[in-house]
Amino acid sequence: MSFSGKTVIVTGGCGGLGEAISKAFLAEGANVVAADINAQLISSFESANGKDTLLAHQCDISSEEGVDGLFRSAIHKFGQVDILINNAGVMDSFEPVGELEKKIWDRVLGVNLTAVYLTSNKATKHMVEKQINGSILNVGSFAGTVGWGAGAAYTASKWGLIGLTKNTASFYGDKGVRCNAILPGGMKTNVGAHFAQGYRFVDVANVAGLILYLSGDGAKLVNGACVPIDNGWTAY
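What counts as what
Residues numbered from 1 in each chain as written. Predicted model: local features only at pLDDT ≥ 70, side-chain atom pairs only at ≥ 80, totals over all residues. Heavy atoms only, no water. UniProt positions renumbered as here; feature names shortened; annotations may be inferred. Helix = DSSP H or I, 4+ residues; strand = E, 2+ residues; numbered from the N terminus. Rg over C-alpha atoms; globule rule 2.2 N^0.38 Å. Buried < 20%, exposed > 50% of the residue type's maximum accessible area, 1.4 Å probe, protein only. Contact = heavy atoms within 4.5 Å. Areas by Shrake-Rupley, 256 points an atom, 1.4 Å probe, with all protein chains shown as cover. Lys, Arg positive; Asp, Glu negative; His and termini not counted. Charge placed at Lys NZ, Arg CZ, Asp CG, Glu CD. Salt bridge = Lys/Arg side-chain N within 4 Å of Asp/Glu carboxyl O. 1 Å grid on protein atoms, 1.4 Å probe; cavity = no way out; pocket = protein on both sides within 12 Å on 5 of 7 lines; lining within 4 Å. Points joined across faces, edges and corners; volume = space filled by probe spheres on them. Nonpolar A, V, L, I, M, F, W, Y, C, P; charged D, E, K, R; others polar. Core = buried A, V, L, I, M, F, W, Y, C linked by side-chain atoms within 4.5 Å.

- Per an unreviewed UniProt entry, the chain carries the name Dehydrogenase with different specificitie and comes from Myriangium duriaei CBS 260.36.
- UniProt's Sequence similarities (unreviewed entry) comment on the chain is quoted here verbatim: "Belongs to the short-chain dehydrogenases/reductases (SDR) family."

### Re the overall build of the chain
No. 1: Along the chain, the regular secondary structure elements total six helices and seven strands.
No. 2: Scaling as 2.2 N^0.38, a compact globule of 236 residues should have a C-alpha radius of gyration of about 18 Å, and the chain matches this with 17 Å.
No. 3: Projected onto the principal axes, the alpha-carbon positions of the chain cover approximately 45 × 40 × 30 Å.
No. 4: Counting every position in the chain, which comprises 236 residues, the buried fraction comes to 52%.
No. 5: Look at the contacts in the chain between residues 6 or more apart in sequence, and 67% of them connect residues 24 or more apart.
No. 6: Total accessible area on the chain stands at roughly 10900 Å², and carbon and sulfur atoms take up 50% of it.
No. 7: Mean positive and mean negative side-chain charge positions of the chain (18 and 20 charges, respectively) differ by 5 Å.

### Topic: the pattern of salt bridges
A side chain of one charge can pair with a side chain of the opposite charge when the charged atoms of the two come close.
No. 1: Under the criterion given, the structure shown has five salt bridges.
No. 2: Between Lys122 and Asp68 there is a salt bridge, and its shortest N-O distance comes to 3.3 Å. Of the two residues, Lys122 is situated in helix α4 (residues 102-129) and Asp68 in helix α3 (residues 64-78); the sequence distance between them amounts to 54 residues.
No. 3: You can call Asp68 partly exposed: its relative accessible area is 28%.
No. 4: We note a salt bridge from Glu101 to Lys103, for which the minimum N-O separation is 3.7 Å.
No. 5: The class of Glu101 is partly exposed, set by a relative accessible area of 47%.
No. 6: With a relative accessible area of 60%, Lys103 lands in the exposed category.

### A few points about the layout of surface pockets
No. 1: If you add up the space inside the second largest pocket, you get close to 360 Å³.
No. 2: For the second largest pocket, the lining is made up of 21 residues, of which Asn133, Arg178, Ser215, Gly216 and Asp217 are closest to its centre.
No. 3: Listing elements by their share of the lining of the second largest pocket, those giving two or more residues are β5 (134-139), β6 (177-184) and α6 (204-215).
No. 4: Split into classes, the residues belonging to the lining of the second largest pocket amount to five nonpolar, eleven polar and five charged.

### Comments concerning the environment of Asp230
No. 1: With respect to the helices and strands, Asp230 occurs in the segment after β7 (226-229).
No. 2: Looking at Asp230, the relative accessible area reads 7%, which means it is buried.
No. 3: A sequence separation of 59 residues divides Asp230 from Phe171, and the C-alpha atoms of the two residues are 28 Å apart.
No. 4: Excluding anything up to four places from it in sequence, Asp230 contacts Phe142, Leu183, Pro184, Gly185 and Val202.

### Some thoughts on the nonpolar core
No. 1: Within the largest apolar cluster, 32 residues are counted, with the highest numbers of intra-cluster contacts made by Phe25, Val32, Ile85 and Ile211.
No. 2: Contributions of two or more residues to this core are made by β1 (7-11), α1 (16-27), β2 (31-36), α2 (39-49), β3 (54-58), β4 (83-86), β5 and α6.
No. 3: Each residue touching Ile211, except ones within four places of it in the same chain, is listed here: Ile21, Phe25, Ile85, Leu137, Val139 and Ile182.
No. 4: Ranked by size, the runner-up nonpolar core spans 23 residues in total, among them Cys59, Ala88, Ala115 and Ala169.

Quick look at the structure:
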């Protein structure tokens, strides 16, 4: 798979799964805009991977101003955005609804769902206006298919993400913009640290590989798919 000449935005792109995704796209020749809120992660990622095809951008994607600035910077440097990977996410602490504080609900929904609306809103407008055959890939979770996979906030955010994925695919597929989601199991990332000992973790490199495939021309007929990659966890 070659992504030479393509520009991809990866949210949460400098750590954990996002770092693996950004590196995978860079290795395949893409221009990568790695967006992250963590300045230390940005500095480390730039030091290790700095090249002309990388733009590391610090922003808060749960704010309209942050997303506007992200797209301005990406388009200023690389001309257009062809692919959006909505990877950034935060976890709750497995609180059921009766024990959940509203500030936790607001934070989790803000990063995991509202931010995806904001970035997808900008991306679809840009891609349709420029007549780009674009791709949006949302990183969901197996917790978006079951009730026991996380707390109320995280579960609601990932169920909502599936609905947003299906809706975006339905309304923009005939305009040249595909939208798919992956549903990973727990990974050894900051989010995965919340999972129980003995959990069958999913390797981030394999997840990044699936994302590259779904974002590329080989998957040009795949639209509205929500693909599990959970080591068979939900099959048992």
